[in-house]
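Chain and residue survey
Listed below are the residues making up each chain.
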Amino acid sequence: MSQSCRTPEGGRVDRAKPIRFTFDGKSYQGCVGDTLASALLANGVHLVGRSFKYHRPRGIVAAGSEEPNALVQVEMGGGRSDPNTRATVVELFDGLNAESQNRNPSLERDVGAVNDALSPLFPAGFYYKTFKWPASAWHKVYEPRIREAAGLGKAPTEGDPDRYLHRHVHCEVLVVGAGPAGLAAALAAGRSGARVILVDENPELGGSLLMESGTLGRVEPGNLAFARRAAADLAAMPEVRVLTRTTLTGYYDYNYLTALERVTDHLPPGSGPDLPRQRLWRIRARRVVIATGAIERPLVFVGNDRPGVMLASAGRAYLNRWGVLPGRDVLVFTNNDSAYAAAIDLARAGAKVTLADVRPHAGALASEAEAAGVALRPRTVVVDTDGRLRVQRAYLSEIDGEGRIVGALGQPLPCDCLLMSGGWNPNVSLHSQARGLLVFDDSLAAFVPGEAPQPNVSVGACNGDLSFKGALEGGAEAGRLAAGAEAKPGEAFGANEPEAAPLLPLWLVPSDREGLRAKAFVDFQNDVTAKDLGVALTEGLRSIEHIKRFTTTGMGTDQGKTSNVNALAIVAAKLNTSVPAVGTTTFRQPYVPATFGAMVGHSKGPLFDVVRKTPIHDWAEAEGAVFEDVGTWKRAWYFPKAGEDMHAAVRRECKAVRETCGLFDASTLGKIDVQGPDARAFLNRIYTNAWMKLPVGQCRYGLMLRDDGMVMDDGVTACLKDDRFHMTTTTGGAPRVLAWLEEWLQTEWPDLKVYCTSVTEEWATMALNGPNAREVLAPLVEGIDMDADAFPHMHWRSGKVAGVPARIFRISFTGETGFEVNVPAGYGRHVWGAIWASGQKHGIVAYGTETMHVLRAEKGYVIVGQDTDGTVTPHDLGMSWIVKKQGDFVGRRGLERPDLKRDDRKQLVGLLTEDPDLVLDEGAQIVADPSEPVPMTMIGHVTSSYDSPDLGRSFALALVAGGKTRKGQTLHVPQLDGSVAAVSVVDPVFLDPEGKRLHG
Amino acid sequence: MLQIDCPFCGPRAEIEFRCGGEAHIARPLKPEDASDETWRDYLFQRKSPKGVHFERWVHSHGCGRWFNAARDTVTDRFLAIYPMGEKAPSIEELKARLPDVGSPRHAYAENRVAPERVEGERP
């Protein structure tokens, strides 16, 4: 059976180019120009999936991206596997391999179909009530089973091998949709010379024109000719960019929109090696013309979900655009005129067509339909259907003017295809995403765009004007105005189309069927029936947002594109109110499912975030350093020698620094050049201590507070000249501190003449610490008297190190004699090497951040952000000595707040465990009485905790309520392993409290 | 994503900016004389109006300069952008600038309110 349902001629497929594809392991033939859906239908395949909950056989409903049912897994090899892809938008290529979803073992015989027979057990919201006992069974039994039984496709298991790109563009006019309205708008805007972008999700321009045979309306001189001419005209305009296969996925603030272009998805894998798979366009448009057309509504009747039941416009599209006859015995069921065109076109193509219209009289197309051989059945509805894997029979009944069934019940009519039309929903999704309001239009029985707060306009069918003439003329006018040109009186568009008779809303088709089989589906994808909506109302839900979540109507990959208005109207009818009174649910981005790859673009792997490396990085890497991330920096964490673990390496590094000397890469420290006549006064306000008298050549440690009195950063600042200072900050705090300084200068003290410049990356900073530090450094130094008295602690000198201009700061974060050598970053590696060589005879070590942490903690030096958390004052840290008594500074008044002066605030203390080998967990809570019943009173937490080779035991820093008065007390710290450690409270300075080593 | 008219650089995407919260919060000139209540209000009390909100923005990934803005929190439209230190425009005047979404011409209106340009040297 090869393309048995392909018509001999007509449509946009190339019958001369047959191509092979595979569905569920079976090989088929299709044509260039087919979608997977049209190719399957050409082969007579309607059964393409099993439904989400009841596992009912399902077919293709639509012909575009609104498809709720025909979801397939497309396998592209090499780890490429796309679940939940709509067969209606998958372009066929040679070798395409697709699998159906949610069936076991096959579509024809699916064990899950037992759910359909058991459906009384699974009403809407059943999972909220059914699987509650015993509670422990949820994770182990219920949830895994439910996930197995209910579902969509399978997530790919391998990394995505494809490339995805982002493009950022601006334009004067963005036109969304290349149907008649969009084409007319793009042409008009383009002719004015504006920068125009036209996007359309189809592979070729034309929109509804591609499926229009002329039965409903013909654009002169012919639909396809018009589309082709428009495409050629647009291609010739240099400022117009046309993006096909591109879906406008999101409309955000200030006319910022995203569009997803499928660049190579329509090609066999590997055929565009230089191209990305998809491209996400991020567009800022001055004005937007929305021309996204309308989506046909299904009718809600019993048995409306069998394979072979589809939208009338889809049946027509498959015939006219793809040359596929979707059935030979076709029943058309409608409440409006548009489906007559499908009936007429299918009858002319050779199908036997019956048309059931809920209305007593049809419009002008009725006589044309009869002439084409269509059997008309006015005031007739479908009350049920038959057919296991495809519709075989429909049951028709007549209705009276009130919509009640009259006369004989359910007269059977054989059919292999049932086309339904419940009217049209203007596609208002983008208008609504842009925060536009919606208005209910009674004549369309649908929502149309109301006020639009952003500069956009909806034209054509998406604005409720379903006529070709309206689309063309409205589009042209909108295009001109959006481009800033003057409106011209109507450009001549010939469009002959019959006058449409009004539609008759029939939201829930009456039926005499009851019980199990009587399922009238509202939302095909989520298996929501009209009854389920009633269940939600019985449960007392009234808000449409609640009803949506309880029943899941309008959720899933199609987001209710075909179901939402039907659901609203059925709810409204059951509540005896109007559709607009029920309201709508929110339209959200993206409009269609979008790949994570496209959203991520290049921002993955090494390009996920900035990686900053110091000039010493390569050396450290060669020495086998293990790195840690500090902000965006890579910092050497520790330098293990062969056979050493982190613990051993850190012990060795610590010992060496205390006994001889160690070299540490401190280049990541934030450095800010502060200069100007008021620089000194500025520092005096920003730091808690006094800066007016700091002489040139000296350094001072400073603590920065927020204005509420809490510590925000710290660092040493050196006075370079009377009006110039070199400020250092924490590694992670550097950008925040610079922004902080700028904020005060610009917004609070604009009278101060101060400039702040980040110089972090200009300098390589090497901290040499230990009793032999001077001996190692001095031989390399020119122009500086390195004698301890001539160059005391907290001073800096300028000279040369290893022949390179350098600033040496005599400061220490270890408690040992310390020199921080600053050289221009480009010389960093050279000077590091020179110090390293000079240190060899002294047994120098390179140490990392972990050793630095241990050494500073032994001295009770805090790390802002580790020992503080934004709720800690200088007084809490025992640093009242740095808070000056006279004059204002940022945070001063904050510190005077009553709550900050309480004695029982959490204060910094040292902790020693009873067991000297036990290293407390950082972050562990501290309690006074371990036998207190739960919930216990937590009085603090461990902030820093290490093993110390110098102390010969473990030690910790902690913040403890009233800590200053608890010295000598025994407290208790519950550990992650469940044990509780007894600790005694001690002073936070564990080593050399007099600071003798510093001054050596 | 909002589009914000930096008075120094022109219209730029929101990701280049940081919002500094409510504008025109005066730091008491003599903090040491401020009562606890005054200092509390200065530190913590902020408005969250539905409608016109005066706020500070900084073009942190651009020129690095601070400026004031009036934004309608309902529509997210910026109604005015003006230099630091300048008085806030009157709310009535700003409300008159709110887009007239009901008018048929609105679809083709300007997407932005041009800021008052700031000339010359920084203070």
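Residues numbered from 1 in each chain as written. Chains lettered and ligands numbered in written order. Predicted model: local features only at pLDDT ≥ 70, side-chain atom pairs only at ≥ 80, totals over all residues.

Here we come to the nonpolar core. Counting residues in hydrophobic clusters, the biggest one holds 179 residues, and the most contacted among them are A185(A) and A343(A). When near neighbours in sequence (up to four residues on either side) are disregarded, A185(A) contacts V175(A), V289(A), A291(A), V459(A), G475(A), A476(A), A478(A) and G479(A). (Core = buried A, V, L, I, M, F, W, Y, C linked by C-beta atoms within 7 Å. Buried ≥ 20, exposed ≤ 12 C-beta atoms within 10 Å, placed from the backbone. Contact = placed C-beta atoms within 7 Å.)

Residue and element names in this part refer to chain A. Within the open sheet, the five strands sit side by side as β35-β36-β37-β34-β38. Their pairing is antiparallel. Among the strands making up the open sheet, the edge pair consists of β35 (699–705) and β38 (755–758). Pairwise comparison of adjacent strand axes, ignoring direction, gives a mean angle of 30° for this sheet. (Pairing = 2+ DSSP bridges. Helix = DSSP H or I, 4+ residues; strand = E, 2+ residues; numbered from the N terminus. Axes fitted to C-alpha atoms, helices over the stretch in contact; angles between N-to-C directions.)

Right, let's get into unusual backbone geometry. Residues and elements named next belong to chain A. Along the chain, Q589 connects to P590 via a cis peptide bond; the corresponding omega equals -5°. Its place among the elements puts P590 in the loop between α15 (579–582) and α16 (596–600). Looking along the chain, the bond that leaves V934 and enters P935 is cis, with omega of 0°. Tracing the sequence through the fold places P935 in the loop between β46 (925–927) and β47 (938–948). A positive phi is found at H55, a non-glycine position, where the angle reads about 55°.

The angle between the axes and the distance between the axes are what describe a pair of packed helices. Residue and element names in this part refer to chain A. Closest axis-to-axis distance for the helix α7 (residues 312–320)/helix α8 (residues 338–348) pair is 9 Å, and the angle between their directions is 35°. Where α7 crosses over α8, the two elements pack in a sense that is left-handed. Taking contact as the criterion, the partners of A312, S313, G315, R316, L319 and N320 in α7 are, on α8, S338, A339, A341, A342, D345 and L346. Here the residues of the contact of α7 with α8 are counted per class, giving six nonpolar, four polar and two charged. (Left-handed = near helix turned anticlockwise from the far one by under 90°. Nonpolar A, V, L, I, M, F, W, Y, C, P; charged D, E, K, R; others polar.)

On to the domain arrangement of chain A. Residues and elements named next belong to chain A. Domains assigned within chain A are domain 1 (14–126), domain 2 (164–294 + 425–496), domain 3 (298–422), domain 4 (510–586) and domain 5 (902–1000). Taken over C-alpha atoms, the centre of domain 1 sits 25 Å from the centre of domain 4. Tallying the contact residues gives 17 residues for domain 1 and 16 residues for domain 4. In terms of residue class, the side of domain 1 that touches domain 4 is made up of eight nonpolar, five polar and four charged. (Domains from an automatic or database assignment.)

Turning our attention to the interface of chain A and chain B. Listed per partner, the contact involves 31 residues of chain A and 28 residues of chain B. Of all the secondary structure elements, the ones that give two or more residues to the side of chain A that touches chain B are β14 (278–290), β27 (456–458), α11 (468–482), α20 (734–748) and α24 (892–895) of chain A. If you tally residues by element for the side of chain A that touches chain B, the top one is α20(A), at six residues. Counted by class, the side of chain A that touches chain B contains 12 nonpolar, five polar and 14 charged residues.

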